[in-house]
Amino acid sequence: MKTNPLMARFAGQEALVEPSQTARFESCLAEAIAHPRYGEMASIDGSADFWTEEGSWCRPYIVQNGILQIPVKGVLLNNFPYALGDWATGYEYIWEAFKRGCGDYVTGAVRGIALVEDTPGGMVAGCFDTVDKMIALRDQVGVPVAAFAHESAYSAGYAMALVADPGQIYVSRTGGVGSIGVVTSHMSVAGAMEKAGLVFTYISSDPSKVEGNPYQDLSPAAKARIQVRIDELYGIFVAAVARSRGLGESVIREDLKAYCYTATQAVSNGLADKIGSLEDATSAFAGFLDDLSDTQGEEAMTTPVTAVDQAAIDTAVATAIAAERAAAADAAATAVAADRERQKAITGHAEAEGRGALASHFALNTSMSVEDAVASLKAAPKESAATPNTTNTGFTAAMDNTPNPEVGANKDGDTTVDEARANGDDVLALIGNTGLRGFKTKN
């Protein structure tokens, strides 16, 4: 079976995707690769001019009523500088469209930018760097930005929505936002291989080199290392949401978690601001722009300009990345400390007495909570210590009941002990009695 190259990008990688939309996720990638013009995209030259007329079908630039509408639809991909219908959108395309829109805003050709979203999420790679660059450029040129979740803006899609100005995330009545989390998976086919009578052997410089392969079960140590990576990326996501939405990180982690929220729930918990259809939301955003300026922008699509200060963008992005990495490091350290406390609480609990091996297993090889581990320990029988048999072991019986040979050099009484020790006969006699040939006493 031929592998879908877009799907293969997610194999064994962390993803910003809502798991409940797996079927849609897979369908989007299948439809994208089956697009009749998919093969043409690689031939579109973007090195000199990203916005060639030749590539307008997969790099749309749509301005309506002075508002640039950037599609953020389908699965979001890194190293994919295209927008392919409702199925796949590249972070590079979003950035280039946003950058051009900011240039047009400087010249007055664009009044604002709207991210029109309907996505189950996408790749981790490229996501947060793109968001940081967009926010830095937004702040530099002052362009108003809104995000429209019509219908959904989940995971990586919600990360993109964070570029919107405060108060400018809209959700359709039947739409949703959220899924603030990171996920990956590992599938082991070791059992199936064994049943089929097949053995797959990796030969590597170190066992860690082949961790995560599908032909072996995932070890606890390998799973723990993957979890550290997931926690670090989650820390970056949480920090980004906290920065853009004014929410405490503890609220995001402990209350919002990675749940998906309906429009009314999202407005209530602070993840979104307004509810309405795309037409209503567009009109509301246009009214917001009117309040900012009495001047209506033109719809003309200009040639991209370089009126933005790249050095300022780079500085702002570096600052944002540094802050998010620091937050992620703090989150990882907190997670490690919390897990150590969990381990201590399990192994040091009263119910662990007499069940030490099981308690250590729960603490070190699983992610069980203290409560669940204690409950399992309480239900398990205590370990019985083996009592050594000191009365009549097999060895003792053999020694007591079997005549033992005399191995001394003076066993026949013809040599005294002192004489035997002096001439070495005692040593030779001992060796001889072990059955080795060629050894005899001197006399």
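Keep in mind that this is a model prediction, so the values were computed, not measured. (Residues numbered from 1 in each chain as written. Predicted model: local features only at pLDDT ≥ 70, side-chain atom pairs only at ≥ 80, totals over all residues. Heavy atoms only, no water.)

Draft legend 1. Inspection of the side chain of S179 at higher detail. As for its position among the elements, S179 is in the loop between β9 (176–178) and α6 (190–195). According to the relative accessible area criterion, S179 is buried, its value standing at 4%. When neighbours within four sequence positions are excluded, S179 is seen to be in contact with V17, E18, Y154, S155, F237, A258, Y259 and C260. (Helix = DSSP H or I, 4+ residues; strand = E, 2+ residues; numbered from the N terminus. Buried < 20%, exposed > 50% of the residue type's maximum accessible area, 1.4 Å probe, protein only. Contact = heavy atoms within 4.5 Å.)

Draft legend 2. Summary view of the pattern of salt bridges. Tallied over the full model, the rule gives 12 salt bridges. Residue R229 is joined to E14 by a salt bridge in which the shortest nitrogen-to-oxygen separation is 3.6 Å. Pair noted here: R229 is in helix α7 (residues 220–245) and E14 is in the loop between α1 (5–8) and β1 (15–17), with a separation of 215 residues, a long-range link. According to the relative accessible area criterion, E14 is buried, its value standing at 17%. Between R355 and E351 there is a salt bridge; the shortest N-O distance is 3.3 Å. A relative accessible area of 7% places R355 in the buried class. The structure contains a network of salt bridges with shared partners spanning R138, D139 and D165. (Salt bridge = Lys/Arg side-chain N within 4 Å of Asp/Glu carboxyl O.)

Draft legend 3. Region of interest: the nonpolar core. Judged by nonpolar contacts, the single largest core of 81 residues is most densely connected at F10, I70, L77, F98, Y158, M160 and L271. Looking at which element gives the most residues to this core, the answer is α7, with 9 residues. Once residues within four sequence positions are removed from consideration, L77 is found in contact with L6, R9, F10, L29, A88, T89, G90, Y91, E92 and M123. Among the nonpolar cores identified, the runner-up in size contains 10 residues, and I67, F148, F285 and A286 belong to it. (Core = buried A, V, L, I, M, F, W, Y, C linked by side-chain atoms within 4.5 Å.)

Draft legend 4. Looking closely at the packing of helix α12 (residues 356–365) against helix α13 (residues 370–379). At a minimum axis separation of 10 Å, α12 and α13 run at an interaxial angle of 160°. Accordingly, the angle class assigned to the pair α12 and α13 is roughly antiparallel. As for the relative orientation of α12 and α13, their crossing is right-handed in sense. Residues L358, A359 and F362 of α12 form the contact with α13, whose participating residues are A373, S376 and L377. Split into classes, the residues belonging to the contact of α12 with α13 amount to 5 nonpolar, 1 polar and no charged. (Axes fitted to C-alpha atoms, helices over the stretch in contact; angles between N-to-C directions. Parallel < 35°, antiparallel > 145°, perpendicular 65-115°, else oblique. Left-handed = near helix turned anticlockwise from the far one by under 90°. Nonpolar A, V, L, I, M, F, W, Y, C, P; charged D, E, K, R; others polar.)

Draft legend 5. Quick look at helix α4 (residues 127–141). In this model, α4 (15 residues) spans 22 Å end to end at C-alpha, consistent with the 21 Å of a helix rising 1.5 Å per residue. Burial within α4 is extensive, with 11 of its 15 residues counted as buried. Looking one or two residues beyond α4, the residue adopting positive phi is G142, at roughly 80°. (Expected span 1.5 Å × (residues − 1).)

Draft legend 6. Structural context of the pairing of strand β3 (residues 67–77). For β3, the buried fraction is high: 10 of the 11 residues fall into the buried class. Two elements, strand β2 (residues 62–64) and β3, share 3 bridges in a ladder whose sense is antiparallel. Its bridge partner lying in β3, Q64 is registered against I67. Between the antiparallel neighbours β2 and β3 lie 2 residues, among them N65 with a positive phi of about 55°. In terms of strand pairing, β3 meets strand β6 (residues 112–123) through 9 bridges, oriented parallel. Pairing of Q69 across the sheet is with A114, part of β6. Bridge count between β3 and strand β5 (residues 88–90): 3 bridges; the pairing is parallel. Residue pairing in the sheet places L77 in a bridge with G90 of β5. (Pairing = 2+ DSSP bridges.)

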